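# Secondary and tertiary structure notes
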Amino acid sequence: MSRKTGVWILGAFGSVATCAVVGAEAVKAGRISRTGLVTDLADFAGCGLVDLDDLVFGGYDLRKTNYLESAREVDASAGILPERLVEAVRGPLLAASARVKTGCSLNCGATIEGFRSNGSLEAQRSLGDVVARMQEDLRAFRESNGLETVVVVNLASTEPAMDAVPQHATLEGVEGLLRTNARERVVASLLYAYAAIDAGFPFVNFTPSLGNSVGGILELARERRVPHCGKDGKTGETLVKTVLAPMFLARNLKLLAWEGHNLLGNRDGLVLRDPASNRAKVADKEDSFRKLVPDPDTHSRVRIDYVPSLGDWKTAWDFIHFQGFLDVRMVMQFIWQGCDSALAAPLVLDLVRLAELARRSGEAGPMPQTASFFKAPIGTDEQRFDRQFAVLQDYARAHAAPTAARREPSVSPA
C-alpha cells in the first residue's frame, strides 16, 4: 500500500543528505542496489515499512544551490557520485531542490555562519515567529505533496556545545525562552526539534547537536505523543568500539588504554575545527566509551582533526592497550577508512522508515529500538552493539508478526 511520506532534511544540501537523496532516487530508478539499508534485512520483511518509492524530499539549508551541484561537489571530494548516476535521476533531484528553503543558523558558530549564502530563517523574527514559520513550511510541504506525514531529519553541521541552560530541562522552561525571545540560550537544533514535535511530526537527530535530547523536548514529545530518536549517527570508529569493547570485557581482559585519532576533510571536518563544535562531537564519542568501559583506571582519549585533502574519506586510527593472564600486556590496533557520507546515507533512510512506522503504530517519545544507529541514543544507556541490534530485531519481528497491533497514531499533525 502506498503511503507517501515527506523527508524534511535540515542541512539538505550537505554531503550526507545529498548521498541519501541521490541514493534513494537511484534505488527508485533501479540504478543501484539496496546494499547498506539495515531495514532491507530479512527481519523487516513483514513490517510494512514505507517504501523508498513513497519518499518525497525537501528541507532547509543555508546555501543557495541544488542537488546537482551538491552531488558534483561530493563527487569531486569523494568520487562516489558519478555524473552518469546523477544525470539518470536529474528530474527528481531538481524537484527535491525546489522544495528546499532557507534554514536557521541561530548560535551555530562562525564557521557555519560562513556557509550562509541565502539569508537566514531567524532574521527579523522572534523565536516564536521562527517556530511558527517552520511549522508553516512543514504543513505546506505535507499538503502540497499529498503526504500522510513528514519525518524531520537533522543532518546539519554540528553546533558548538552550549553550556547547561536550566530552562532546557522542562517544557515550561523551553517555552519560556521562546516566549521571552531569549536568543542567547537557544540554538537552531532546539528550535527545529520543538517546531517538528509540537506540530506532530517525528524527529530524527543524526547530529551531536542538542535538538531533541533536552528534558523540555522529551516532555513535549510525550505530551504530543510523537516518536523521535537520536543522537549522533554511529557510522565508523565508534561503531567498531561498540563491537570490540564488549569482546575484551567478555574475555575478562583489562583495558588499560584506548586512544582514537580521527582525520577527516569536507565541510564537516571544517566545522569540527571549531573547538566548541569539536567538543560536542568528542563528548558523545567519549561518553559512549565510558558507558561501555566504566573502569576509571582505563585511559581513554579521542581526537578529531581536519585534513582538507581527505575530503569525505574519514580515517580513524585506534590504539588499544590491554592486559591478559600472567599480567601480560598486549596491543591491538586498527585503521578504519570509510566514506562517511556513503556509510551514513542508508542509515538516514532506515531511520525515516522506522520513524514513520513508529508514528503509524501510535508510539510516542524516544525510540530505543534505534539505539544501534547512534553514539548517544535517547531512551537507553545500552551501548553494546549486539544488544542494541537485538532490540531492533525483536522490534521488527513483533511488527512483522500477524498478531502485532496495528494502531493509528493518537495524534495527527495539526
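Residues numbered from 1 in each chain as written. Predicted model: local features only at pLDDT ≥ 70, side-chain atom pairs only at ≥ 80, totals over all residues. Heavy atoms only, no water.

Okay, the confidence of the model for the protein next. If pLDDT is low for a region, its predicted coordinates should not be looked at in detail. On average, residues of the protein carry a pLDDT of 93, and 97% of them reach 70 or more. Within the model, the stretch residues 403-414 combines pLDDT values under 50 with 27 contacts to residues more than four positions away or in other chains. (pLDDT = per-residue confidence, 0-100. Contact = heavy atoms within 4.5 Å.)

What follows deals with the pairing of strand S1 (residues 5-10). Burial runs high along S1: six of the six residues are buried. Burial along S1 is two-sided: Thr5, Val7 and Ile9 and Gly6, Trp8 and Leu10, pointing in opposite directions, are all buried. The pairing of S1 with strand S2 (residues 55-61) spans six bridges and is classified as parallel. Considered in S2, the bridge of isoleucine 9 is made with glycine 59. The pairing of S1 with strand S4 (residues 149-154) spans six bridges and is parallel. Looking at S4, one finds that leucine 10 is bridged to asparagine 154. (Buried < 20%, exposed > 50% of the residue type's maximum accessible area, 1.4 Å probe, protein only. Helix = DSSP H or I, 4+ residues; strand = E, 2+ residues; numbered from the N terminus. Pairing = 2+ DSSP bridges.)

This part is about the sheet that holds strand S11 (residues 365-366). Strand order across the open sheet formed by seven strands is S3-S2-S1-S4-S5-S6-S11, with parallel pairing between neighbours. Of all strands in the sheet, those with a lone pairing partner are strand S3 (100-102) and S11, marking the two edges. Sheet topology note: the strand S5 (residues 203-205)/strand S6 (residues 227-230) ladder contains three bridges and is parallel. The partner of asparagine 205 across the bridge, within S6, is glycine 230. Across the sheet, helix H6 (residues 127-144) is in contact with S1, S2, S3 and S4; its angle to S2 comes to roughly 155 degrees. (Axes fitted to C-alpha atoms, helices over the stretch in contact; angles between N-to-C directions.)

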